[in-house]
Amino acid sequence: MKEDISDNPGVIAFPPALYAGTLLIGLVLSFVFPIDFLSRSVALVLGVLAIICAGLIGTSAFRTMNRAQTEVNPSRPTTAIVSDGVFRLSRNPIYLSLTLLYIGIALLLGALWALLLLLPLLVIVQIGVVQREESYLERKFGDEYLRYKARVRRWV
């Protein structure tokens, strides 16, 4: 009897939606219960730097995956292990870029609540997305992925 396993990692939700939903909750909480925590100029500089880094990392990751002709969307099958470009430095540069984008927006909008919600979000992403993707890639690519995993850190 054939085992019924779909060819995708079965993540709990589309990762950008997890980040956007959590950010939205944090922004609403910050609007309802505002807390000043950084000077406007510091928040502006740090926020802009985080967003620029997010853009550079994310753009590079998408281009690298497109060159390798593999899927970016985790609900579709992965066709190759991507280990060049930013994937030499991080196994999850897209999630790293989403995290930096989230931080940048929260800083620019002075949303301390959003920053406080980042830690639970990262736990959810780690357990519900990253660990599932890693298990899927180990099943699908075996030793090739294990060698890559041994060489490259998960986040940075």
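A quick note: this is a predicted structure, and the numbers were derived from the prediction, not measured.

A word on the overall build of the protein chain
Now for step 1: Looking only at helices and strands, one finds 5 helices and 0 strands in the protein chain.
Now for step 2: Along the chain direction, N to C, the helices and strands of the protein chain fall in the order α-α-α-α-α.
Now for step 3: Along the three orthogonal principal directions, the C-alpha set of the protein chain runs to about 60 × 35 × 25 Å.
Now for step 4: Considering only residue pairs separated by 6 or more positions, the protein chain has 80% of its internal contacts joining residues 24 or more positions apart.
Now for step 5: Accessible surface for the protein chain amounts to roughly 9,200 Å². Of this, 65% is attributable to carbon and sulfur atoms.
Now for step 6: Charge-centre separation for the protein chain: the mean point of 15 positive side chains lies 5 Å from the mean point of 11 negative side chains.

Thoughts on the packing of aromatic side chains
Now for step 1: Inspection of the entire model under this criterion finds 2 aromatic pairs.
Now for step 2: Aromatic pair Tyr-19 and Tyr-102: ring centres 6.3 Å apart, planes at 70°, arrangement edge-to-face. Of the two residues, Tyr-19 is situated in helix 1 (residues 15-32) and Tyr-102 in helix 3 (residues 93-108); the sequence distance between them amounts to 83 residues. Each member of the pair, Tyr-19 as well as Tyr-102, is classed as buried.
Now for step 3: Between Tyr-145 and Tyr-148, the ring centres sit 6.1 Å apart and the planes meet at 50°, which makes this aromatic pair tilted. On the criterion of helical spacing, the pair formed by Tyr-145 and Tyr-148 is a turn pair, its members being 3 residues apart in helix 5 (residues 143-151).
Now for step 4: By relative accessible area, which is 3% here, Tyr-145 ends up buried.

Structural notes on the packing of helix 3 against helix 4 (residues 112-141)
Now for step 1: Two elements in contact, helix 3 and helix 4, have axes separated by 11 Å at closest approach and are oriented at 165°. Classified by the angle their axes make, helix 3 and helix 4 are roughly antiparallel. When the axes of helix 3 and helix 4 are compared, the crossing they make is right-handed. Between helix 3, through Tyr-95, Thr-99, Tyr-102, Ile-103, Ala-106 and Leu-107, and helix 4, the contact on the second element is made entirely by Ala-114, Leu-115, Leu-117, Leu-118, Leu-121, Leu-122, Val-129, Val-130 and Glu-133.
Now for step 2: Within the contact of helix 3 with helix 4, the residues separate by chemical class into 13 nonpolar, 1 polar and 1 charged.

Describing the UniProt feature "transmembrane region" (unreviewed entry) in the protein chain
Now for step 1: In this numbering, the UniProt entry assigns the feature "transmembrane region" (unreviewed entry) to residues 12-35, 42-62 and 100-130.
Now for step 2: End C-alpha to end C-alpha, residues 42-62 measures 30 Å, and it is 100% helix and 0% strand.
Now for step 3: End-to-end, the C-alpha atoms of residues 100-130 are 17 Å apart, and along that stretch the chain is 90% helix and 0% strand.

A closer look at helix 1
Since the α-helix turns once every 3.6 residues, residues separated by three or four places project in the same direction.
Now for step 1: The terminal C-alpha atoms of helix 1, which comprises 18 residues, lie 26 Å apart, in line with the 26 Å expected from a rise of 1.5 Å per residue.
Now for step 2: Taken residue by residue, helix 1 has Pro-15, Leu-18, Tyr-19, Thr-22, Leu-23, Gly-26 and Ser-30 as its buried positions. When helix 1 is viewed along its axis, its buried side chains cluster within an angular range of 120° and face the same direction. Exposed positions of helix 1 whose direction lies more than 90 degrees from the buried face are Leu-24 and Phe-31.
Now for step 3: Packed against the buried residues of helix 1 are helix 3 and helix 4.

The rules we used
Per chain, the residues get numbers from 1 upward, laid out in the order the sequence is written. In view of the model being predicted, local features appear only for residues whose pLDDT reaches at least 70, and side-chain atom pairs are presented and counted only at 80 or more, with totals across whole chains, interfaces and linings using the full set of residues. Side-chain calculation: all heavy atoms of the structure are included, whereas hydrogens and water are not. Where helices and strands are cited, they refer to DSSP runs of H or I of at least four residues and of E of at least two residues respectively, numbered from the N terminus. Two residues qualify as a contact provided that any one of their heavy atoms is within 4.5 Å of a heavy atom in the partner residue. Surface accessibility in these figures is a Shrake-Rupley result with a 1.4 Å probe; residues are shielded only by whichever protein chains are displayed. The charged-residue count follows a simple rule in which Lys and Arg add positive charge and Asp and Glu add negative charge, with His and chain termini not counted at all. Charge positions are represented by NZ for Lys, CZ for Arg, CG for Asp and CD for Glu. Note on ring pairs: Phe, Tyr and Trp rings are taken, using the six-membered ring of Trp, and paired if centres are within 6.5 Å. Classes follow the plane angle, with under 30 degrees stacked, over 60 edge-to-face and the rest tilted. We call a residue buried when its accessible area falls under 20% of the maximum for its residue type, exposed when it is over 50%, and partly exposed in between, using a 1.4 Å probe and counting protein chains only. Each axis is a line fitted through C-alpha atoms, and for a helix only the stretch in contact is used; angles between axes span 0 to 180 degrees, taken between their N-to-C directions. Roughly parallel covers angles under 35 degrees, roughly antiparallel covers those over 145, roughly perpendicular covers 65 to 115, and oblique covers all other angles. Less than a right angle of anticlockwise turn of the near helix away from the far helix marks a crossing as left-handed, whereas a clockwise turn marks it as right-handed. Each residue is assigned to one of three groups, with Ala, Val, Leu, Ile, Met, Phe, Trp, Tyr, Cys and Pro labelled nonpolar, Asp, Glu, Lys and Arg labelled charged, and all others, Gly among them, labelled polar. UniProt positions are given in the numbering used here, feature names are shortened, and annotations may be inferred rather than shown by experiment. One less than the number of residues in a helix, times 1.5 Å, gives the span that helix is expected to have. This arc is taken over the directions from the axis of the helix to the C-beta atoms.

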